[in-house]
Amino acid sequence: QESARIPYLITELVNGPSLQEWVREKGPLPWPVALSLAVELLKGLAMVHRKGIVHRDLKPSNVLIDEDGVPKLADFGIARMSDVTTLTGADALVGTVRYLPPEAFEGAPANASQDIYSMGCVLYEIIAGQPAFGHANAAELMRTICTGSHTPLDVARPGTPPAVVALVHRALHVNPADRPASADELGEAC
């Protein structure tokens, strides 16, 4: 929507837990359930991207699950129009470090590829039951994100099919050009 040339977002009231709470209660999700949730989220993310908006803080606690089990994107508090720098002020990162792509640490402009990366982090976490990058020390966390060195998904969650591992690995690729080109592309691959 737009009022007096100032864009704003109206979101529905979702009476349900966050995806983070849901996984905490149910445990790691079977990969078919995780991919099904991802498809629904990616439809919403694709729509937001078509409007030129980048979420910039996609993580399990910013996904709400409604009474029918449908996931909803939430918390657009730091969303920006595409191509807006992800650093503010004196090198302050915007977003939750654990879910930021490597290029965000270098001040790259906000773009859809960053949300694709964050979606890869979400998928990894809800399938494995642990974050892809779980280091407590911020410097170590940033180093592992920038080098892409996380425990392979099929090691973190044995039995995950190779195609699912490859899909998540591609979304988490250090090089943005090697990630799916859009939320639609990632959704189709799910």
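Higher on the page you've got the structure.
Only a predicted model underlies this, so the values are computations on that prediction, with no experimental measurement involved. (Residues numbered from 1 in each chain as written. Predicted model: local features only at pLDDT ≥ 70, side-chain atom pairs only at ≥ 80, totals over all residues. Heavy atoms only, no water.)

1. Examining the overall build of the protein chain
Okay, step 1: Helices and strands together make up the secondary structure of the protein chain, namely 7 helices and 8 strands.
Okay, step 2: Put simply, the protein chain has 190 residues, and 44% of those count as buried.
Okay, step 3: Taking as baseline every contact in the protein chain between residues at least 6 positions apart, the subset at least 24 positions apart corresponds to 65%.
Okay, step 4: Of the accessible surface of the protein chain, which amounts to about 9600 Å², a share of 53% is contributed by carbon and sulfur atoms. (Helix = DSSP H or I, 4+ residues; strand = E, 2+ residues; numbered from the N terminus. Buried < 20%, exposed > 50% of the residue type's maximum accessible area, 1.4 Å probe, protein only. Contact = heavy atoms within 4.5 Å. Areas by Shrake-Rupley, 256 points an atom, 1.4 Å probe, with all protein chains shown as cover.)

2. What about helix α6 (residues 162-171)?
Okay, step 1: Along α6, the positions that sit buried rather than exposed are V164, V165, L167, V168 and A171. Buried residues along α6 cover an arc of 160° about the axis, so they all sit on one side. What points out from α6, more than 90 degrees from its buried face, is the exposed set P162 and A163.
Okay, step 2: Buried residues along α6 sit in contact with α2 (31-50), α3 (112-128), α5 (153-156) and α7 (183-189). (Arc of directions from axis to C-beta.)

3. Looking at the nonpolar core
Okay, step 1: Counting 44 residues, the largest nonpolar core has L19, L29, M119, L123, Y124 and L153 as the members making the most contacts within it.
Okay, step 2: For L153, the residues in contact, after removing those within four places along its chain, are Y124, I127, A128, T160, V164, V165 and V168. (Core = buried A, V, L, I, M, F, W, Y, C linked by side-chain atoms within 4.5 Å.)

4. Some details on the side chain of E103
Okay, step 1: Relative to the helices and strands, E103 is located in the loop between β8 (92-93) and α3.
Okay, step 2: Given a relative accessible area of 10%, E103 falls into the buried group.
Okay, step 3: Dropping the residues within four chain positions of it, E103 is found in contact with A108, S113, Q114, V174, P176 and R179.

5. Description of unusual backbone geometry
Okay, step 1: Even without being a glycine, R56 presents a positive backbone phi close to 70°.
Okay, step 2: When its relative accessible area of 5% is taken as the criterion, R56 is described as buried.

6. Topic: the packing of α2 against α3
Okay, step 1: Relative to each other, α2 and α3 sit at 160°, their axes nearing to 10 Å. As the angle between them shows, α2 and α3 are arranged roughly antiparallel. Considering the relative orientation of α2 and α3, their crossing is right-handed. The residues of α3 that touch α2, namely those facing W31, A34, L35, A38, L41, L42, L45 and H49, are A112, D115, M119, L123, I126 and I127.
Okay, step 2: Along the lines of polarity and charge, the residues of the contact of α2 with α3 split into 12 nonpolar, 1 polar and 1 charged. (Axes fitted to C-alpha atoms, helices over the stretch in contact; angles between N-to-C directions. Parallel < 35°, antiparallel > 145°, perpendicular 65-115°, else oblique. Left-handed = near helix turned anticlockwise from the far one by under 90°. Nonpolar A, V, L, I, M, F, W, Y, C, P; charged D, E, K, R; others polar.)

7. Some remarks on the side chain of R179
Okay, step 1: Tracing the backbone through its elements, the reader meets R179 in the loop between α6 and α7.
Okay, step 2: Reaching out from R179, the side chain makes a polar contact with the side chain of E103 at a distance of 2.7 Å.
Okay, step 3: In contact with R179, other than residues within four places in its own chain, are P101, P102, E103, S113, Q114, I116, Y117, R170, A171, H173 and V174. (Polar contact = N/O pair within 3.5 Å; in protein donor to acceptor, adjacent residues only side chain to side chain.)

8. Brief notes about the pattern of salt bridges
Okay, step 1: According to the stated counting rule, one finds 6 salt bridges in the structure shown.
Okay, step 2: With a shortest N-O distance of 3.2 Å, K43 and E40 are connected by a salt bridge. With K43 and E40 both in helix α2 and 3 residues apart, this pair spans about one turn of that helix.
Okay, step 3: Under the relative-accessibility criterion, K43 is labelled partly exposed at 48%.
Okay, step 4: Across the pair R50 and D184 runs a salt bridge whose closest N-O atoms are separated by 3.1 Å. Of the two residues, R50 is situated in helix α2 and D184 in helix α7; the sequence distance between them amounts to 134 residues.
Okay, step 5: Judged by its relative accessible area of 37%, D184 falls in the partly exposed class. (Salt bridge = Lys/Arg side-chain N within 4 Å of Asp/Glu carboxyl O.)

All quantities given are derived from atomic positions and should not be read as evidence of function.
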